[in-house]
Each structure stands twice: as structure tokens, then as C-alpha cells.
Amino acid sequence: MLLNPELVQRVRDAVQRDRLIDTAIRLIEVPSPTRSGGAVADRLAHMLIADGFAVERPVCGWPQAPAVAARYSTGRPGKTLQFNGHLDTVHLPFVPPRVENGVLFGSGASDMKGGLAAAYEAMRAVRDAGLLSGGGILLTGHDLHESPWGDGTQVDRLIEAGYLGDGVLLPEYVSDRLPVAGRGLAIMEITISRPGVPQHEVLGGMEQPNVIAAGADIVRRCGEWDRQVRHKSHPLAGRESVFIGQAVGGEIYNQSPVEYRVSGTRRWLAGTPFTEIEGEFKALVGEVAHETGTTINGKLNFVRDGFELDLSHPLVAAFQSAHAAVTGQTLPHGPKPFVDDGNTFIARGGVPAITHGPNATGAHTLHEAASIDELVRVAVVYALTAIGFCRA
Ligand SMILES: [Zn+2]
């Protein structure tokens, strides 16, 4: 791929630092805790329309905040590179935007309105400077990302509705590695109960179905399940697991309680279908309920699927060339430190997705901070990736 210094300089010249900052501030200044992303989605859509992009608002199962999909097409043959970001932030007190000493602060500065503004600027830059020889760019923004308030379903619906590029970049706050694999995650919430009221041990309590013993059996069986799956391991993503982090119940030493709760996680690697995991979980819970005479409500809440990036895909080469052109080196392979929508694009969309954004700090705190230099760097890397990837 030809990423000569003149081309890199043209991209650097086309990326406008002040415009990028302005976009980031305008996104951050609209508070958008997960499930309340409507106003910021409207703001993003209006900005894109004012910038001359074709904008759609697919509802994708969430009428409170329809998603945003903006396209730039060269009108010539080629591939579509998608930039995707979530517009929602975690539920913490709102911090308004400000820029100080070259650093952007505020709710979402790191996670991930800063990165999304950088991606937006990359799309403007390649259009304004006519840098794509073919294909185009699709920019998507959505709500319902952050757990536990969001369940990731709006991005699921976006993909199902066809708002999907040939490759995806996600400007989340990971910049020191190419995330090549990651585990899927589901949260187990198990409630064991029996009919009736709490009873003294010697006044009938000892004859009741024992919810604590049933809970202990669940914990023991989860341990066995963990031993069965632990051999499934990836050198970077780690091993499959079943983990119990909480087990609570009972009020006093000689009383039979009516409820006991167990919760934990199930993590798995790409290639293990979630339906199979769900089946095993249901069987485990059902057997314990049957054997102990208790009623068990077992929930296995899917968060994100496991993924493995296809390293032979042209998107990887285009991205690494762009990164090397900007920073002097390609990124080493590594695990993804969190689960994000990139997992979904790979597992559900069947397209390669690379999570790469600013080296920003303070995600999920009141002290989010992203350096403007980093946001500009991300915009340049995104624009150069598009130039390399989208050509016919
Ligand atoms: Zn995020």
C-alpha cells in the first residue's frame, strides 16, 4: 500500500484540529447517560446534516433515541469503512466539557465522544480533500452501550438492519495494542426459593426444601463446569471460565430462609456458541431445582460475544500501515481490555472490527481526559485507514 509522506501530509493538512475540538465539545455538552441518548443523537444528526452528509435515523428498537447513520460515498466502486461509536455515557454526575492545556475534559471525553469526534473529523477530512479513490465511509452512533443500564441491543439491530460496513473502526480508549481476541461475557443471576415463610429450625424449618444447600450445590456444579471449560484457552484472551462472585442468603443460624442468591460470570472464547452455553446453564439449574425441591430462577444475561480478529483481512493491513505512517510503528497484538461493540460487529456482523482510539484516561470516572493531540492522531489514522481500505 502506498502511504507516502506527501499523502500523509495531505491528510494531516485536511484534519482540522479546531473543528474536531468543537465537535467533541458539542457532543459532550449534551448529557447522555445510557438510555437517555436521544438529545445527543439529535445533536450529532443535526451537525452531520449541516456538514452536508446524508443522515438516517434508524430506530433499531429504541425509539427514545433513534440511532444515527451518516454516509459519505465517492460514488465510485470500492469498500465501505464504518466508524462506530456509542453516544451514551455511564451513570455518573455530569461533567461539562472544557479544554485546558491541550486536554479535553468532560463526560464522555474518553468514553467515547472524544473518539467519535475524531472519527467524524476523519470523515470530513477525506471528503473535503477528495482523498478516497473509491468506496466510502459510514458513520454510526447509538445508545444502550454501557452496562448494566444498556444491553447492547441497539447496535445489534443496527447490524441486522444493514448499517454495516466492510470493516469497522471503533474509537474506544485503547491505543497501545491491536486487540486481536477477547472473551465473551454473560452474567449469571440465580435465585433459589421455596414456598412459604421463614421458619424456626425446630418449628418445621428443618423439613423445608433447603435453599442454602441448593445454593451450595449450584456453586459446586459451577466449579465443575469451570474445570470442564478451562482447557479452552487463547494465548492473549485467556481461558474460558465460570466464576461465582456472590452467594447470599439466610438471616439467623436456626431459621430456614425462603431465598438464596448466587451470581457470577461465564466467559468464553470465539467459536463457542452462546446457545450451547445457555443450554448447559439451564440444565445445571434445572437439575439442582429438581433434586432439592426448590424453585430456581436462573438468568444468564448475555453482555457481548467472544471474538477473534481475522489478521489476514485487508482492514488489518490498511490500519497497521496507517498507524505506522503516523507513529512510526505498527501496533503489537494484544487482548482487548474490555468488551465493546467491536465484539458484536465481528460475531454478529461477520466483518472485521478494530477497536482503536485515543490514549485517554478516566473512563467510567468523573475525571475523563483526552489529549487533543491524541484525538488529532486518531483522526489522521482513521482517514489514512480509509484511504488504504476503501479503494476498489
Ligand atoms: Zn465506551
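These numbers come from a predicted model, not from an experiment. (Residues numbered from 1 in each chain as written. Predicted model: local features only at pLDDT ≥ 70, side-chain atom pairs only at ≥ 80, totals over all residues.)

### Considerations on the nonpolar core
Link 1 in the chain: Judged by nonpolar contacts, the single largest core of 106 residues is most densely connected at Ala119, Ala122, Leu375, Ala379, Tyr382, Ala383 and Ala386.
Link 2 in the chain: Here the element with the most residues in this core is helix α10 (residues 372-390); it accounts for 14 residues.
Link 3 in the chain: Among all residues touching leucine 375, those that are not within four sequence positions of it are Leu20, Ala24, Leu104, Gly114, Ala117, Ala118, Pro358 and Ala370. (Core = buried A, V, L, I, M, F, W, Y, C linked by C-beta atoms within 7 Å. Buried ≥ 20, exposed ≤ 12 C-beta atoms within 10 Å, placed from the backbone. Helix = DSSP H or I, 4+ residues; strand = E, 2+ residues; numbered from the N terminus. Contact = placed C-beta atoms within 7 Å.)

### A look at the sheet that holds strand β2 (residues 68-73)
Link 1 in the chain: Strand order in the open sheet made by the six strands is β1-β2-β6-β3-β7-β19, with mixed pairing throughout. The two strands at the open ends of the sheet, each matched to only one other strand, are β1 (54-56) and β19 (353-355). Along the sheet, successive strands turn relative to each other by an average axial angle of 20°, direction set aside.
Link 2 in the chain: Each of β2, β3 (80-86), β6 (136-142) and β7 (167-170) touches helix α4 (residues 113-128); the most contacted strand, β6, lies at about 155° to it.
Link 3 in the chain: Packed on one face of the sheet, α10 meets β3, β6 and β7 and runs near 145° to β3. (Pairing = 2+ DSSP bridges. Axes fitted to C-alpha atoms, helices over the stretch in contact; angles between N-to-C directions.)

### Concerning the sheet that holds strand β8 (residues 178-182)
Link 1 in the chain: Spatially, the three strands line up as an open sheet ordered β17-β8-β18, and their pairing is mixed. The sheet is open, and its two borders are formed by β17 (307-308) and β18 (333-335), each paired with just one other strand.
Link 2 in the chain: With three bridges joining them, β8 and β18 adopt parallel strand pairing. When the bridges of β18 are listed, leucine 178 appears paired with histidine 333.

### Concerning the domain arrangement of the protein
Link 1 in the chain: In terms of domains, the protein is made up of domain 1 (5-182 + 306-390) and domain 2 (184-304).
Link 2 in the chain: A C-alpha centroid distance of 38 Å is found between domain 1 and domain 2.
Link 3 in the chain: Taken residue by residue, the interface counts 14 residues in domain 1 and eleven residues in domain 2.
Link 4 in the chain: Counting only elements with at least two residues in the side of domain 1 that touches domain 2, the list comes to β8, β17, β18 and α9 (341-347).
Link 5 in the chain: Classifying every residue of the side of domain 1 that touches domain 2 gives five nonpolar, eight polar and one charged. (Domains from an automatic or database assignment. Nonpolar A, V, L, I, M, F, W, Y, C, P; charged D, E, K, R; others polar.)

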